[in-house]
Amino acid sequence: MAVDQALSLVQRHHLSLQSMQTWLDSAAAVLQRASTGVELENQTDCMRELEEISAQEKNFTAGLGELRSLDPVLEDLMEAGVMSELTEKVEAMQLRNTEVKQQMYSYREVLQSCAALWASFQHEKETLVEQMNDAESKMAMFTTAKAISIQKAEEKCQRYKV
């Protein structure tokens, strides 16, 4: 095999590793921001960001597939020790990927729970406002009825005084 071909294979291998690491770093950054807590007002933004990073996981999967296809070819070109180090690195990345995916799943559950709580809160708030409006209307009617009855009583008193 020509040196140019070997270099091309090594570069593809390196780019695949970079792609996988980039996704892991991006996912870790999202999870790091999540560790500071979720504010209800921006939980939809957090969910959108999580969905975007989840959609990018295909970059990790594609990189892993590329590595698996390159490994047999590279085994013939590299020393066993170097190949073993690369394999360990890929295995460590796969383990980290599994951990990150689990953390993202847990974070998604938290966000969904927050969304449900927020929706419930909004519904309860609307119900409370409606009840308060009804109570205010009833109080206004009572005050109006009371005012009318006081006025009638005063009119009757005036008629009997005369």
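Scroll up a little and you will see the structure.
Residues numbered from 1 in each chain as written. Predicted model: local features only at pLDDT ≥ 70, side-chain atom pairs only at ≥ 80, totals over all residues. Heavy atoms only, no water.

S.K.: Describe the packing of helix H1 (residues 3–34) against helix H3 (residues 57–75), and please don't skip the residues or the numbers.
M.R.: Between H1 and H3, the shortest axis-to-axis distance is 8 Å and the interhelical angle comes to 150°. Between H1 and H3, the angle is such that the two are roughly antiparallel. Crossing of H1 over H3 shows left-handed handedness. Facing H1, whose interface residues are Leu-9, Val-10, Arg-12, His-13, Ser-16, Leu-17, Ser-19, Met-20, Trp-23 and Leu-24, H3 presents Glu-57, Asn-59, Phe-60, Gly-63, Leu-64, Glu-66, Leu-67, Leu-70, Asp-71, Val-73 and Leu-74. Classifying every residue of the contact of H1 with H3 gives 12 nonpolar, five polar and four charged. (Axes fitted to C-alpha atoms, helices over the stretch in contact; angles between N-to-C directions. Helix = DSSP H or I, 4+ residues; strand = E, 2+ residues; numbered from the N terminus. Parallel < 35°, antiparallel > 145°, perpendicular 65-115°, else oblique. Left-handed = near helix turned anticlockwise from the far one by under 90°. Contact = heavy atoms within 4.5 Å. Nonpolar A, V, L, I, M, F, W, Y, C, P; charged D, E, K, R; others polar.)

S.K.: With reference to specific residues and values, describe H3.
M.R.: Look at H3: 27 Å from first C-alpha to last across 19 residues, which is about the 27 Å you get at 1.5 Å a residue. Bending of H3 peaks at approximately 30° at the position of Ser-69, with proline Pro-72 no more than four residues after it. Within the span of H3, buried status applies to Glu-57, Phe-60, Gly-63, Leu-64, Leu-67, Leu-70, Asp-71 and Leu-74. (Expected span 1.5 Å × (residues − 1). Bend = angle between axes of the 7 residues up to and from the residue. Buried < 20%, exposed > 50% of the residue type's maximum accessible area, 1.4 Å probe, protein only.)

S.K.: With reference to specific residues and values, describe the pattern of salt bridges.
M.R.: It is possible for side chains bearing opposite charge to pair when their charged atoms get close. In total, this model carries seven salt bridges according to the counting rule given. In this structure, the salt-bridge partner of Arg-33 is Glu-49, at a minimum N-O distance of 2.3 Å. Here Arg-33 is found in helix H1, whereas its partner Glu-49 is found in helix H2 (residues 43–55), with 16 residues between them in sequence. A relative accessible area of 43% means that Arg-33 is categorised as partly exposed. Exposure remark for Glu-49: the relative accessible area of 23% places this residue in the partly exposed category. (Salt bridge = Lys/Arg side-chain N within 4 Å of Asp/Glu carboxyl O.)

S.K.: Let's hear about the environment of Gln-18: which residues, and what values?
M.R.: By secondary structure assignment, the location of Gln-18 is in helix H1. Sequence-wise, Gln-18 and Phe-60 are 42 residues apart; in three dimensions their C-alpha atoms are separated by 9.3 Å.

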